[in-house]
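Results of the structural survey
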Amino acid sequence: MCAEEIPAEAAACPFCGTEFDVTIRGYCSNCHSLVQADAAGKCLKCGTEVLDRQVESRTKVRAAAAPVVGPVAGPAAPVPVPPAAAAPARSIEVFERKGEDPFVRFIASWFDQIIIGLILIPVVLLASIPFLGGIEELADPGALPVFFFAVILLAVFIVWALYFSVQEGIFGTTLGKTIGIWPARLKVIRKDGGKIGFGKALLRAVIGFFETNLIGAIVIWSTGLRQRLGDLAAGTLVVDATKIRRAEFGPGSVVIEFLDGTRKEMVQMTKGVITKWLGVPQWMIVRGLDKQGRKVKFGARITRGVTVFSAESKVGQLRLALEGAFHFPFKEVLEWWRIALIVGLLFFGALCLGAVSILPSLSYPR
């Protein structure tokens, strides 16, 4: 052999004429199995281009030539063989790191405001105690509503600022951002993906107190990264922490990075499920093991931003790449909980309509 570098699929060396037996294998997304492929990298069974191609090349063994009578030459000098190059890692970019749209954030904000309202009930009652002594004790009784309103407004501002700054500064999220759009989850991060800290969270909260939903929505749609005024001032983003930013495929492992910077590494996949609703994929649920044999699990939201689930979409590429890397097919299931929710709402609505229609016909003795 001449030790020249040639393609792994080459059947013969163009430099020295050495012939090779080449076998190409890969994962067929149509057959859902590891198959043998032709020279073009297509499945021999169905013709689909295989994923995660692996090429095995062996030198053909020729028949031994007849011995030549003559002087015996010394041992041939060893031919240096270059080390095999490691397979390059590849990456699939799925979702761009930018803020969520105003509609999703409005739902989360609505839940947060309900929780703040519940917190304010005892706060307002406590703030009202000093004003229950009587108006006649004040030099100017007409000033009572002004003082009372100022105290209540100050209490609302303090509760608002503490509610958002403490939760977002420590956890990066709030109750409304967690339960408001469950099973998705909004999280506030720096633009580079790091935690925002208490200072940035407090700045966002103070500006957010004076920023109405309408103004926030207009600013969000007007900025490239979908940031409101508080985000622009603090340099933050509100992202869906269940969305995958990228997947890095290395030798023997896959690292999944989410928009909030969380990373999950797997060396084996034991479960893969794609949930669907009205034919549109909603969630990618994956279970597996890491290098230490510990269980890894995550659910990734794949609806918003990718409306067509096909080989051309980024999420479709991720699915096929995971199937090819772990030789484990995904299973598609219907989201039955949505059907149960719709049936429950229809039943509740029917009960309400029935009650409204029956009440006028009821007569009570006076």
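Located above this text is the structure these notes cover.
Report on the accompanying structure. Worth saying up front: this structure is predicted, and the values here are computed from it rather than measured.

Attention now moves to the overall build of the chain. The secondary structure content of the chain amounts to 8 helices and 13 strands. Among the 366 residues that make up the chain, the fraction classed as buried is 34%. Residue pairs in contact within the chain that sit at least 24 positions apart in sequence constitute 58% of those at least 6 positions apart.

For the structure shown, the criterion picks out 21 salt bridges. Linking Glu-100 and Lys-243 is a salt bridge whose minimum nitrogen-to-oxygen distance equals 2.8 Å. Of the two residues, Glu-100 is situated in the loop between strand E4 (90–93) and helix H1 (102–128) and Lys-243 in the loop between strand E6 (236–240) and strand E7 (244–250); the sequence distance between them amounts to 143 residues. Among the residues examined, Glu-100 registers a relative accessible area of 4% and is labelled buried.

Turning next to the environment of Ala-39. Inspection of the secondary structure assignment puts Ala-39 in the loop between strand E2 (33–37) and strand E3 (51–59). A relative accessible area of 70% means that Ala-39 is categorised as exposed. Taking the C-alpha atoms as reference points, Ala-39 and Val-55, separated by 16 residues in sequence, lie 10.0 Å from one another. Residues within four places of Ala-39 in sequence aside, it is in contact with Ile-24 and Arg-53.

Okay, the sheet that holds strand E13 (residues 331–334) next. As summarised here, the arrangement of the 4 strands in space is E12-E11-E10-E13, forming an open sheet in which the pairing is mixed. For this open sheet the edge positions go to strand E12 (295–301) and E13, each flanked by a neighbour on one side alone. The sheet shows a mean angle of 20° between the axes of neighbouring strands, taken without regard to direction. Strand direction decides the pairing type here: strand E10 (residues 268–277) and E13, joined by 4 bridges, are parallel. Counted as the bridge partner of Val-273 is Lys-331 from E13. Of the strands in this sheet, E10, strand E11 (280–289) and E13 are in contact with helix H8 (residues 336–358), which crosses E10 at around 35°.

A separate point is a nonpolar patch on the surface. Taken together, the side chains of Leu-154, Ile-158, Leu-162, Val-166, Ile-170, Phe-171, Phe-198 and Leu-202 present a nonpolar region at the surface, about 750 Å² in accessible area. Looking at the nonpolar patch, the elements that each hand over two or more residues are helix H2 (144–170) and helix H4 (197–210). The element best represented in the nonpolar patch is H2, accounting for 5 residues. Here Ile-170 shows up in helix H2. The exposure class of Ile-170 is exposed, given its relative accessible area of 54%.

Further remarks concern H1. Within H1, the axis deviates most sharply at Leu-120, by approximately 30°, and proline Pro-122 lies no more than four positions further along. Those residues of H1 lying buried are Pro-102, Val-104, Arg-105, Ala-108, Ser-109, Asp-112, Ile-115, Ile-116, Leu-120, Ala-127 and Ser-128. Put simply, Asp-101 is the residue that caps the front of H1, since its side-chain oxygen is 3.1 Å from the backbone nitrogen of Phe-103.

Rules behind the numbers
- Residues numbered from 1 in each chain as written.
- Predicted model: local features only at pLDDT ≥ 70, side-chain atom pairs only at ≥ 80, totals over all residues.
- Heavy atoms only, no water.
- Helix = DSSP H or I, 4+ residues; strand = E, 2+ residues; numbered from the N terminus.
- Buried < 20%, exposed > 50% of the residue type's maximum accessible area, 1.4 Å probe, protein only.
- Contact = heavy atoms within 4.5 Å.
- Salt bridge = Lys/Arg side-chain N within 4 Å of Asp/Glu carboxyl O.
- Pairing = 2+ DSSP bridges.
- Axes fitted to C-alpha atoms, helices over the stretch in contact; angles between N-to-C directions.
- Patch = residues over 30% accessible without salt bridge, like charges linked within 9 Å, V, L, I, M, F, W, Y side chains within 5 Å.
- Areas by Shrake-Rupley, 256 points an atom, 1.4 Å probe, with all protein chains shown as cover.
- Bend = angle between axes of the 7 residues up to and from the residue.
- Polar contact = N/O pair within 3.5 Å; in protein donor to acceptor, adjacent residues only side chain to side chain.

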